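A closer look at the structure
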Amino acid sequence: LPTLDDWNKVVQYYGSPEKAYTALSNKNGFNAQTGGYMDNLQNFTDDGNGYYWTSSEQDANDLCYAKFDTGFGKLNLVNTFPPKYALSIRYVKDL
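Residues numbered from 1 in each chain as written. Predicted model: local features only at pLDDT ≥ 70, side-chain atom pairs only at ≥ 80, totals over all residues. Heavy atoms only, no water.

1. Some points on the overall build of the protein chain
Applicable threshold: Runs of H or I in DSSP of at least four residues are treated as helices and runs of E of at least two as strands, each being numbered from the N terminus. In this description the radius of gyration comes from C-alpha coordinates, and the expected globular size is given by 2.2 Å times residues to the power 0.38. The classification of residues rests on relative accessible area computed with a 1.4 Å probe and restricted to protein chains. Under 20% of the type maximum is buried, over 50% is exposed, and intermediate values are partly exposed. Throughout, a residue-residue contact means that at least one pair of heavy atoms, one from each residue, lies within 4.5 Å.
Secondary structure assignment for the protein chain yields 2 helices and 6 strands. Along its sequence from the N terminus, the protein chain presents helices and strands in the succession α-α-β-β-β-β-β-β. The C-alpha atoms of the protein chain give a radius of gyration of 13 Å, which matches the 12 Å a tight globule of 95 residues would have. Principal axes of the C-alpha set define a box for the protein chain whose edges measure 35 × 25 × 20 Å. When each of the 95 residues of the protein chain is scored for burial, the buried share is 39%. Considering only intrachain contacts with a sequence separation of at least 6, the fraction spanning at least 24 residues in the protein chain is 42%.

What follows is the structure, given as structure tokens:
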């Protein structure tokens, strides 16, 4: 899984969270899916956003994730959820 630092490098590469969102939502072989998430009580929320786990922890109770925020059209990286939540994952290959 990509780290939070990996996602930050993607934002830096494209120049802004908005440009990264646009690039990864539409092309470049990524095509981010926006499928919502499931909380620790198994309640599913499909709010139109895409949630992707990172391998980075904020602390023992929270993991970092990348959010493709459709409402603001940007890749938001300042987010955490408890590890019992169900989010999408995306593996990356080192080149």
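2. Quick look at helix α2 (residues 17-26)
For an α-helix, 3.6 residues make a turn, and residues three or four places apart therefore share a direction. Residues of α2 that are buried: Ala20, Tyr21, Ala23, Leu24 and Ser25. Tucked inside the fold, the buried residues of α2 contact α1 (4-14), β4 (62-69) and β5 (74-76).

3. Quick notes on the packing of aromatic side chains
Heads up, the rule is: Pairs were defined over the aromatic rings of Phe, Tyr and Trp, the Trp ring being its six-membered one, requiring ring centres within 6.5 Å. Orientation was assigned from the angle between planes: stacked under 30 degrees, edge-to-face over 60, tilted for the rest.
This structure, assessed with the given rule, holds 12 aromatic pairs. Ring geometry for tyrosine 51 against tyrosine 65: centres 5.6 Å apart, planes inclined by 50°, an arrangement best described as tilted. Of this pair, tyrosine 51 sits in strand β3 (residues 50-59) while tyrosine 65 sits in strand β4, placing them 14 residues apart in sequence. Comparing tyrosine 51 with tyrosine 65, the two get one shared label, buried. The structure contains a cluster of three or more aromatic residues connected by ring pairs, namely Tyr37, Tyr51, Trp53, Tyr65, Phe81 and Tyr85.

4. Regarding α1
Just so we agree on the cut-off: Here the arc refers to the set of directions running from the helix axis out to each C-beta atom. By the criterion applied in these results, polar contacts are pairs of N or O atoms within 3.5 Å in which, for protein atoms, one can donate a hydrogen and the other can accept it, and in which residues neighboring in sequence qualify only through two side-chain atoms.
Within α1 the residues assigned to the buried category are Leu4, Trp7 and Val11. End-on, the buried residues of α1 take up no more than an arc of 65°, which puts them together on one face. Looking at α1, the residues exposed on the side facing more than 90 degrees away from the buried face are Gln12 and Tyr13. In this structure threonine 3 caps α1, since a side-chain oxygen of it lies 3.3 Å from the backbone nitrogen of aspartate 5.

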